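The lines below spell out each chain.
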Amino acid sequence: MDTEGITEDHGADHGAGDLAQSAAMKLSEIGERTKQLGTKFKDPERQRRIILVIVCVALLLDNMLYMVIVPIIPDYLAELQSEADHASFNARVINAGNSSNHTIFKATKGNFDLQIGVLFASKAILQLLVNPLTGTFIDRVGYDLPLFIGLIIMFFSTCLFAFADNYVSLFAARSLQGLGSAFADTSGIAMIADKYTEEAERSRALGIALAFISFGSLVAPPFGGILYEFCGKRVPFIVLACICFTDGMLCLTVLKPFSRGERENMPVGTPIYKLMIDPYIVVVAGALTTCNIPLAFLEPTIANWMEETMHSSQWEIGLAWLPAFFPHVLGVYITVKLAAKYPHLQWFYGALGMVIIGASSCTVPACKTFGQLMGPLCGICFGIALVDTALLPTLAFLVDVRHVSVYGSVYAIADISYCVAYALGPVVAGQIVHDLGFIQLNLGMGLANVLYAPALLLLKNVCQMKPSNSERGMLLEEGPTGLYDTIKTQERERKRKGLSNVVDENGIDRYSEEESFEYA
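Residues numbered from 1 in each chain as written. Predicted model: local features only at pLDDT ≥ 70, side-chain atom pairs only at ≥ 80, totals over all residues. Heavy atoms only, no water.

- Looking at an unreviewed UniProt entry, one finds the protein chain named Probable vesicular acetylcholine transporter-A, with Salvelinus namaycush as its source organism.
- Under the heading Sequence similarities (unreviewed entry), UniProt records this for the protein chain: "Belongs to the major facilitator superfamily. Vesicular transporter family."
- Taken verbatim from the UniProt record of the protein chain, the Subcellular location (unreviewed entry) comment is "Membrane". (UniProt positions renumbered as here; feature names shortened; annotations may be inferred.)

**Observations concerning the environment of lysine 256**
So, step 1. Tracing the chain through its elements places lysine 256 in the loop between helix H9 (234-254) and helix H10 (261-265).
So, step 2. When the C-alpha atoms of lysine 256 and aspartate 144 are compared, they prove to be 7.6 Å apart, with 112 residues separating the residues in sequence.
So, step 3. Not counting residues up to four positions away in its chain, the partners in contact with lysine 256 are Asp144 and Cys251.
So, step 4. Separated by 3.1 Å, the side chain of lysine 256 and the backbone oxygen of threonine 253 make a polar contact. (Helix = DSSP H or I, 4+ residues; strand = E, 2+ residues; numbered from the N terminus. Contact = heavy atoms within 4.5 Å. Polar contact = N/O pair within 3.5 Å; in protein donor to acceptor, adjacent residues only side chain to side chain.)

**Thoughts on the packing of helix H16 (residues 346-363) against helix H17 (residues 370-402)**
So, step 1. Relative orientation of the contacting elements H16 and H17 amounts to 155 degrees, with a least axis distance of 8 Å. Considering the angle they form, H16 stands roughly antiparallel to H17. Between H16 and H17 lies a crossing of left-handed hand. Note on element contacts: H17 touches H16 through Pro376, Gly379, Ile380, Phe382, Gly383, Ile384, Leu386, Val387, Ala390, Pro393 and Thr394, opposite Gln346, Tyr349, Gly350, Leu352, Gly353, Met354, Ile356, Ile357, Ser360, Ser361 and Thr363.
So, step 2. Of the residues contributing to the contact of H16 with H17, the split by class is 13 nonpolar, 9 polar and no charged. (Axes fitted to C-alpha atoms, helices over the stretch in contact; angles between N-to-C directions. Parallel < 35°, antiparallel > 145°, perpendicular 65-115°, else oblique. Left-handed = near helix turned anticlockwise from the far one by under 90°. Nonpolar A, V, L, I, M, F, W, Y, C, P; charged D, E, K, R; others polar.)

**Here we look at the packing of helix H2 (residues 44-68) against H9**
Between two packed helices, both the angle of their axes relative to each other and the distance between the axes serve to describe the pair.
So, step 1. Between H2 and H9, whose axes approach to 10 Å, the crossing angle comes to 155 degrees. When the interaxial angle is binned, H2 and H9 end up roughly antiparallel. For the pair H2 and H9, the crossing hand works out as left-handed. Listed contacts from H9 to Gln47, Ile50, Ile54, Val57, Ala58, Leu61, Met64, Leu65 and Val68 of H2 are Pro236, Phe237, Leu240, Ile243, Cys244, Asp247, Leu250, Cys251 and Val254.
So, step 2. Class assignment of the residues belonging to the contact of H2 with H9 gives a composition of 16 nonpolar, 1 polar and 1 charged.

**A short note on empty space enclosed by the protein**
So, step 1. According to the stated counting rule, one finds 2 cavities of 30 Å³ or more in the structure shown.
So, step 2. Each pocket or cavity is described by its volume, and for the largest cavity that value is around 620 Å³.
So, step 3. Contributing to the lining of the largest cavity are 32 residues, with Asn63, Ile213, Asn292, Tyr418 and Tyr422 lying nearest its centre.
So, step 4. When residues of the lining of the largest cavity are traced back to their parent elements, those giving at least two are H2, helix H5 (98-141), helix H7 (167-195), helix H8 (199-231), helix H12 (279-298), H17 and helix H18 (408-435).
So, step 5. Here the lining of the largest cavity takes 6 residues from H18, the largest share from any one element. (1 Å grid on protein atoms, 1.4 Å probe; cavity = no way out; pocket = protein on both sides within 12 Å on 5 of 7 lines; lining within 4 Å. Points joined across faces, edges and corners; volume = space filled by probe spheres on them.)

**Observations regarding a nonpolar patch on the surface**
So, step 1. Taken together, the side chains of Leu330, Tyr333, Ile334, Leu338 and Tyr342 define a hydrophobic patch exposed on the protein surface, amounting to about 460 Å² of accessible area.
So, step 2. Tracing the backbone shows leucine 330 in helix H15 (residues 325-341). (Patch = residues over 30% accessible without salt bridge, like charges linked within 9 Å, V, L, I, M, F, W, Y side chains within 5 Å. Areas by Shrake-Rupley, 256 points an atom, 1.4 Å probe, with all protein chains shown as cover. Salt bridge = Lys/Arg side-chain N within 4 Å of Asp/Glu carboxyl O.)

**Here's the deal with the side chain of serine 217**
So, step 1. In this fold, serine 217 is placed in helix H8.
So, step 2. Here the side chain of serine 217 touches asparagine 63 through a polar contact of 3.3 Å, side chain to side chain.
So, step 3. Those residues in contact with serine 217, other than ones at most four positions away along the chain, are Asn63 and Met67.

**Section: the nonpolar core**
So, step 1. Judged by nonpolar contacts, the single largest core of 128 residues is most densely connected at Leu147 and Tyr411.
So, step 2. Take this core: its biggest share by element is 18 residues, from H17.
So, step 3. Not counting residues up to four positions away in its chain, the partners in contact with tyrosine 411 are Thr186, Ile189, Ala190, Ala193, Leu206, Leu392, Pro393, Leu395 and Ala396. (Core = buried A, V, L, I, M, F, W, Y, C linked by side-chain atoms within 4.5 Å. Buried < 20%, exposed > 50% of the residue type's maximum accessible area, 1.4 Å probe, protein only.)

**Some details on the environment of valine 433**
So, step 1. Structurally, valine 433 is set in helix H18.
So, step 2. Considering only alpha carbons, one finds valine 433 and phenylalanine 297, 136 residues apart in sequence, at a separation of 9.9 Å.
So, step 3. Every residue in contact with valine 433, bar those within four places of it in the chain, is listed here: Thr301, Phe438 and Leu441.

**Digging into the side chain of serine 214**
So, step 1. In this fold, serine 214 is placed in helix H8.
So, step 2. Apart from residues no more than four positions distant in its own chain, serine 214 is found in contact with Phe325 and His328.

**Some points on the packing of aromatic side chains**
So, step 1. This structure, assessed with the given rule, holds 11 aromatic pairs.
So, step 2. Summarising the aromatic geometry, the rings of phenylalanine 155 and phenylalanine 245 are spaced 5.8 Å apart at their centres and angled 50 degrees between planes, so their arrangement reads as tilted. Here phenylalanine 155, found in helix H6 (residues 144-163), pairs with phenylalanine 245, found in helix H9; they are 90 residues apart in sequence, far enough to count as distant.
So, step 3. Here a set of aromatic residues connected by ring pairs shows up, and it is made of Phe155, Phe156 and Phe245.
So, step 4. Of note, arginine 174 hangs over the ring of phenylalanine 120, and the distance from its end group to the ring centre comes to 5.6 Å.
So, step 5. The ring of tyrosine 76 carries lysine 233 above its face, with NZ or CZ at 5.0 Å from the centroid. (Phe/Tyr/Trp six-rings, centres within 6.5 Å; stacked < 30°, edge-to-face > 60°. Lys NZ or Arg CZ within 6 Å of the ring centre and 35° of its normal.)

Next up, the structure:
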């Protein structure tokens, strides 16, 4: 008996030892894989791709959240309004006659439409107001921390949308999304411009980001409508909140936004008010606003027009913009390819896009069927793709050759340009249609785009500039800042001549440091 007990104890100890050894081996393998993964993340090219994925997902989420409420919120608010009207119906019948009831109904409906317009525009209005501050903040602290802050705010905004049960909470959620967008959108686009320094790579990366923006904007209404119809109001927002949380965790893991490495090495960027008086940047910003006005003004007005003129069904109205995603991606692809071969014609691609937008906008009122309407809408999105893909990299190039290569403020200006169109659209477009008519609205938008296109001729010489021929000193009163501009110019010259920098064990560029002191 004792021998058997000893044998059993020995076998148990042996089994426990094997289990511990196996667990140790697995932990060692996990540690090795983690180390390999960390090494892969440190690879500059792989890290750039991961950063591009993080930014593109953030832009996708922001634009899906922007458009997903289109089929949800009006119907949900109408239900709330109906409940409130039903509760006070008896009191109105007692205190008013039939004619007064009709007047009250019209006033209530007008007030309801105004509430919808203000709710839709609140995101762009707050984003418009906050962008000058976030652009300066991004220039001071870097790109990764503002991106993480923006994702956190967007996560809470999405959760608030999911559980909001009155107009005030919906308005707060929409406004909070504008605050998050001001951080995430601006820092994300600026980070892409900073990581992709070659013009061809930068155009391609920004083109991918624009494709995600387009996909998010166009797929969100059917996505939200289907889930709202079959699963309720909360489900679409909960799905988006989960994706936002995942992207935030990826940002926290890969970018490490609370480390000080990037912030310590960043130069001082040009103040945003000085960028706003750069005539070339003003021309680009004006083009971005003008080309987005048709899209921003048609989104809140085209549904009623389709119901009145085409007797369109709800599914046709919901899918009106979805086919336009494909020409938008095609426009991005064509512009990226052309910009790689003929980079000096960026201004021409933008001007051509504005002419296409103008012509398409003018032909919208002539459409009599749903199939005919697809042509002009696809033309508008194709033209916007040409303008955005050509001019967003141009903004980074202008900062490189005329200012300091820090991109937060200049892309805050670009975001402001978009917000001007999308803040005015939900509030102003309906009033213009009511006072002047849908035809006059489209003709005015088309004419504005066609007339603005020649202004891009001013960018013709800018696109041919070289960093060594910077006009920065001509633009700014105090001239070049000295050390940083000198080092950047010398680095570009050495790259052009095929020379490499000498870097010591502390990561300091000795060659640049010696030359800069000699220069001083």
